[in-house]
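# Structural description and commentary
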Amino acid sequence: VKQRGSHRHMPKFLLLASLAVGASALAISTAARQIAVPPSMARVALPTAARPTAARSMPVVMMAAAAEDPGSKKEDPIFETLKTTSFFALWYLFNIGYNIYNKKALNALPIPWTMALLQLFVGIPYVTVLWLTGLRKTPKCSAENLKTLVPVSLGHLGTHIGAVISLGAGAVSFTHIVKASEPVVSAALSFLILGAVSSWQTYLTLLPIVGGVALASLKELSFTWVGFIAAMASNLSSALRGILAKKTMSGGVGENMTEANIYAVLTILAFLFLLPVSLIIEPPAAISAAWATATGAGLTPGYLTKMSLSAGAFYYLYNEVAFLALGRVNPVTHAVGNTIKRVVIIIASVIAFKTPISTLGVVGSSIAIVGTLLYSLAKTKFG
C-alpha cells in the first residue's frame, strides 16, 4: 500500500481497532468484578500453549495449581492489578515483536524450517541458565514422564512450524485471521477423540468464525494456499496438543514441573524432534545459499543475525510472559485478552508492512475475531 493511499484504509484500521476497544471495555468490566489472584493461587494455562475450558483460545493447555503459603502476606489488590496489566502489556509487546521480526527474517531468509528450529533453540540457553543458577527450580522427569510429554511436544512442534511456514508464505495479518478459526478445529477433534459435546450456544458461535474466515480469504490480496494450509495445520496441531495434554497430563508429570518448566521441556523436546527433519528439508547447503542470496541483495550479516535471533528471543519471551499474565485472570478475561492480542497483532503487522487489505477482508476478519471471542465466552458459561 503506497503511503499516499493510507487515508483510504483508515476506516479499515478503525474497524479493527474498535474490536480491541470493545474487548478492552469488557475486560475492564470483568476485572472490576473479580478479586486479584495471587500468583501462588493462580491456575496457569500454557500459552501457545492450547485449551480446555479455562484456556480455550490458547495453544497447549496444562492447568496447575500451587498451594498457598499460609504465612504469606495478603497481596495489595491495586499492586496486583498493576502487575497483571504490566504482564498483559509485555505479552502483547513481545508478541508483536515476534511477528514483526519473524516476518522480516523470513522475508530475507526464506528457510522456514531452519527459522522455526532456531526459534525453538534460542530459548534453551536462556532457561538452562535459570536452572543452573537456581533462579528457577530444575525439572526432574523420569523416562516415563518424558514418554508422556512426547505426544504433546509433537503437537507443540506442529503448532509452531505450521505458523512459521504460514507467516513466511503470506501476510502476518492473514495468518492470524486463519488462526482465529482454531476453535472450530478444537471442537471437532474434541468430539471425535474425546466424545466431548458442547452446548448448542457454543456450537452456534462457530458459524461466524467459519463465515468470517471464508469472507476474509475470498478477496484476501495476500492469500496463498501454502499460507492457508500451513495455518490450518497449525490449528490442527494446537487442538491436538490441548486434547493430548488433557488426556495424558491430568495427573501431573515429574517434579518442579511448573507451567514455565513444562513449556521449557516441551520446547527442548520439540527442538530435538525438529533438528533432523529441518536438516533434511533445508540442509546446510540450502541455508548457505539463502544467506548468500540475502547478502548479495544488499542485506548485511548483522541485519540477518539480528532479525533471526530477535525473532527467537521474542518467541520465547512472549510465551513466558503469557504464563504470568494468563495465570492471574479468570477465563472470561483470558478470552478477551486473547481477542485483543489478535486484533493488536493484525493492526500492527498491517501498519508495519503496509499490507494491502480489502474491505471484505477487514469485515471477514472482524466477524471471525468476534466469533472467537463469543466462542470462548459461550464455552465458559454454557460448556
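What you are looking at is a predicted structure, and each value in this text was computed from that prediction instead of being measured. For every chain, the first residue of the written sequence is number 1, and numbering continues from 1 onward in sequence order. Residue-level local features of this predicted model are given only where pLDDT is at least 70; pairs of side-chain atoms are given and counted only at 80 or more, and the full residue set underlies all totals for whole chains, interfaces and linings. Side-chain descriptors were evaluated using all non-hydrogen atoms of the structure, hydrogens and water having been removed beforehand.

## Side note on a nonpolar patch on the surface
Each patch groups residues whose relative accessible area exceeds 30% and which form no salt bridge, using 9 Å between like charges and 5 Å between nonpolar side chains of Val, Leu, Ile, Met, Phe, Trp and Tyr. Surface accessibility in these figures is a Shrake-Rupley result with a 1.4 Å probe; residues are shielded only by whichever protein chains are displayed. The salt bridge definition used is simple: a Lys or Arg side-chain nitrogen within 4 Å of an Asp or Glu carboxyl oxygen. A surface patch of nonpolar side chains, about 480 Å² in accessible area, is lined by F191, L192, I193, L194 and V197. We count a stretch as a helix when DSSP gives it H or I for four or more residues in a row; a strand needs E for two or more, and each element gets its number in order from the N terminus. Note that L192 resides in helix α6 (residues 182–194). Three labels apply to residues, based on accessible area from a 1.4 Å probe with only protein chains included: buried if under 20% of the type maximum, exposed if over 50%, partly exposed otherwise in between. Look at L192 and you get exposed, because its relative accessible area is 64%.

## Some words on helix α11 (residues 284–296)
By this rule, a helix spans an expected 1.5 Å times one less than how many residues it contains. Here α11 spans 18 Å end to end across 13 residues, near enough to the 18 Å set by a 1.5 Å rise per residue. Phi for G298, located one or two positions after α11, is positive at around 105°.

## Quick notes on the packing of aromatic side chains
Ring pairs are drawn from Phe, Tyr and Trp, using the six-membered ring of Trp, whenever the two centres fall within 6.5 Å, and their geometry is named by plane angle: stacked under 30 degrees, edge-to-face over 60, tilted for the rest. Scanning the entire structure with this criterion turns up 12 aromatic pairs. Ring centres of W91 and Y92 lie 5.3 Å apart, and the angle between their planes is 45°; this geometry places the pair in the tilted category. Take W91: its relative accessible area is 0%, and that puts it in the buried class.

## Some details on the packing of helix α2 (residues 77–108) against helix α4 (residues 143–169)
Only the stretch in contact is used when a helix axis is fitted, and all axes are lines through C-alpha atoms; the angle between N-to-C directions ranges over 0 to 180 degrees. In contact at an axis separation of 9 Å, α2 and α4 are set at 65° when each is read in the N-to-C sense. The element α2 and its partner α4 pack so that their crossing is right-handed. Between α2 and α4, the residues in contact are Y98, N99, N102, K103 and L106 and H160, V164, L167 and G168, respectively. Residue polarity is assigned by list, with Asp, Glu, Lys and Arg as charged and Ala, Val, Leu, Ile, Met, Phe, Trp, Tyr, Cys and Pro as nonpolar; anything else, Gly included, falls into the polar class. Within the contact of α2 with α4, the residues separate by chemical class into 4 nonpolar, 4 polar and 1 charged. Helix crossings get a hand from a simple test, with the near helix turned counterclockwise from the far one by less than a right angle marking a left-handed crossing and a clockwise turn marking a right-handed one. Contact definition: two residues touch when any of their heavy atoms are within 4.5 Å.

## Overview of the side chain of K179
Note on placement: K179 falls in helix α5 (residues 172–179). The buried charged residue K179 lacks any salt bridge, with E182 as its nearest oppositely charged partner at 4.2 Å. Once you skip the residues sitting within four places of it in the chain, K179 turns out to touch T159, A231, S234, N235 and R342. When charges are counted, Lys and Arg contribute as positive and Asp and Glu as negative, whereas His and the chain ends are disregarded.

## A closer look at the environment of G158
Relative to the helices and strands, G158 resides in helix α4. For G158 and A230, which are 72 residues apart along the polypeptide, the C-alpha to C-alpha distance reads 9.6 Å. Those residues in contact with G158, other than ones at most four positions away along the chain, are S234 and S237.

## Structural notes on the environment of S376
Position of S376 relative to the elements: it lies in helix α14 (residues 359–382). Using a relative accessible area of 4% as the deciding quantity, one classes S376 as buried. Between the alpha carbons of S376 and T205 there is a distance of 9.0 Å; along the sequence they are 171 residues apart.

## Describing the nonpolar core
Across soluble globular proteins, nonpolar side chains show a tendency to be buried alongside one another. Joining through side-chain atoms within 4.5 Å is the link that ties buried Ala, Val, Leu, Ile, Met, Phe, Trp, Tyr and Cys residues into a set, and such a set is a nonpolar core. Judged by nonpolar contacts, the single largest core of 44 residues is most densely connected at W91, L109 and L120. Where this core is concerned, the elements lending two or more residues are α2, α3 (112–133), α4, α10 (259–281), α11, α12 (301–326) and α13 (331–353). Leaving out residues up to four positions away in the same chain, L120 has contacts with H156, L157, H160, T267, A270, F271, L274 and Y315. If you look at the next biggest cluster of nonpolar residues, it comprises 9 residues, including L149, V152, M257 and V265.

## Some thoughts on the confidence of the model for the protein chain
Across the chain, each position has a pLDDT score giving the predictor's confidence in that residue, from 0 to 100. Looking at the protein chain as a whole, its pLDDT mean stands at 78, while 76% of the residues score no less than 70. Element-level mean pLDDT values for the protein chain span from 51 in helix α1 (residues 10–32) up to 96 in α11. Predicted confidence is poor over residues 1–6, with pLDDT under 50, and the contacts of this stretch with residues over four places away or in other chains come to 5 contacts. In this model residues 27–72 is a low-confidence stretch, pLDDT under 50, and it forms 130 contacts with partners more than four residues away in sequence or in other chains.

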